[in-house]
Amino acid sequence: MRVKDQVVVITGAGGGIGYGCARRFAAEGARVVISDIDADKGAAALKSLQGEGAEATFIACDVGDRGQVELAKGAEEAAPRVLGGGDGDEEAQGGVAGHARANRERPRKP
């Protein structure tokens with residue numbers, strides 16, 4: 001992968017496949033922005049990633065809520081500065097928004 005020093009945004013990264021992806025990108029040298037609806041899981045995932053030496057930050061976000069997505073996009077756009085430079089604006093802008101579009105097209109479970 002060619003992600004060294006790039007900002008990568010991963011939603012659903014509080015556990016499971018999302019967390020596994022975050023670990024892999026971090027191992028490849030990416031600066032990782034993890035996002036999850038569950039703030040406790042997200043914080044635990046962040047602590048774990050940082051414990052492994054990853055440059056990472058966490059944004060709590062429900063990608064099914066347009067207002068939260070807009071707030072997260074603003075935070076993600078600042079991520080390259082927060083995580084120490086990099087050329088990650090395009091990745092940061094597309095991360096959560098892309099998942100939000102997909103979630104709007106699927107019915108939400110009650």
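Reading guide: rules and limits
- Residues numbered from 1 in each chain as written.
- Predicted model: local features only at pLDDT ≥ 70, side-chain atom pairs only at ≥ 80, totals over all residues.
- Heavy atoms only, no water.
- Helix = DSSP H or I, 4+ residues; strand = E, 2+ residues; numbered from the N terminus.
- Buried < 20%, exposed > 50% of the residue type's maximum accessible area, 1.4 Å probe, protein only.
- Contact = heavy atoms within 4.5 Å.
- Areas by Shrake-Rupley, 256 points an atom, 1.4 Å probe, with all protein chains shown as cover.
- Pairing = 2+ DSSP bridges.
- Axes fitted to C-alpha atoms, helices over the stretch in contact; angles between N-to-C directions.
- Polar contact = N/O pair within 3.5 Å; in protein donor to acceptor, adjacent residues only side chain to side chain.
- Right-handed = clockwise from strand over helix to strand, strands pointing away.

(A) Fine view of the overall build of the protein chain. Scanning the protein chain from N- to C-terminus turns up 4 helices and 3 strands. Helices and strands in the protein chain line up, N terminus first, as β-α-β-α-β-α-α. Expressed as a percentage of its 110 residues, the buried residues of the protein chain come to 38%. Looking at the protein chain alone, contacts between residues at least 24 apart form 59% of all its contacts between residues at least 6 apart. Carbon and sulfur atoms form 50% of the exposed surface of the protein chain, whose accessible area is close to 6300 Å².

(B) A look at the sheet that holds strand S3 (residues 56–60). The parallel open sheet is built from 3 strands, whose spatial order is S1-S2-S3. Where the open sheet ends on each side, the last strands, each with one partner, are strand S1 (7–11) and S3. The mean inter-strand angle of the sheet, taken between neighbouring strand axes irrespective of direction, is 20°. Pairing of S1 with strand S2 (residues 31–36) involves 5 bridges; the strand directions are parallel. Each residue of the ladder has a partner; that of valine 9, found in S2, is valine 33. Together, S1 and S2 form the strand contacts of helix H1 (residues 16–27), whose direction differs from that of S1 by roughly 170°. Against the sheet, helix H2 (residues 39–51) contacts S2 and S3, and its axis sits at roughly 175° relative to S3.

(C) Highlighting the side chain of arginine 31. Here arginine 31 shows up in strand S2. Among the polar contacts listed, one links the side chain of arginine 31 to the backbone oxygen of aspartate 5, at a separation of 2.9 Å.

(D) Representation of the pairing of S1. The element S1 is extensively covered by neighbouring structure, given that 5 of its 5 residues are classed as buried. Here S1 shows two buried faces, one formed by Val7, Val9 and Thr11 and the other by Val8 and Ile10. Taken together, S1, H1 and S2 form a β-α-β motif whose crossover is right-handed.

(E) Local environment of the environment of phenylalanine 58. Within the secondary structure, phenylalanine 58 sits in strand S3. Once the C-alpha coordinates of phenylalanine 58 and alanine 43 are considered, the two residues, 15 residues apart in sequence, prove to be 6.8 Å apart. Excluding residues that lie within four positions of it along the chain, phenylalanine 58 makes contacts with Ile34, Ser35, Asp36, Asp38, Ala39, Gly42, Ala43 and Leu46.

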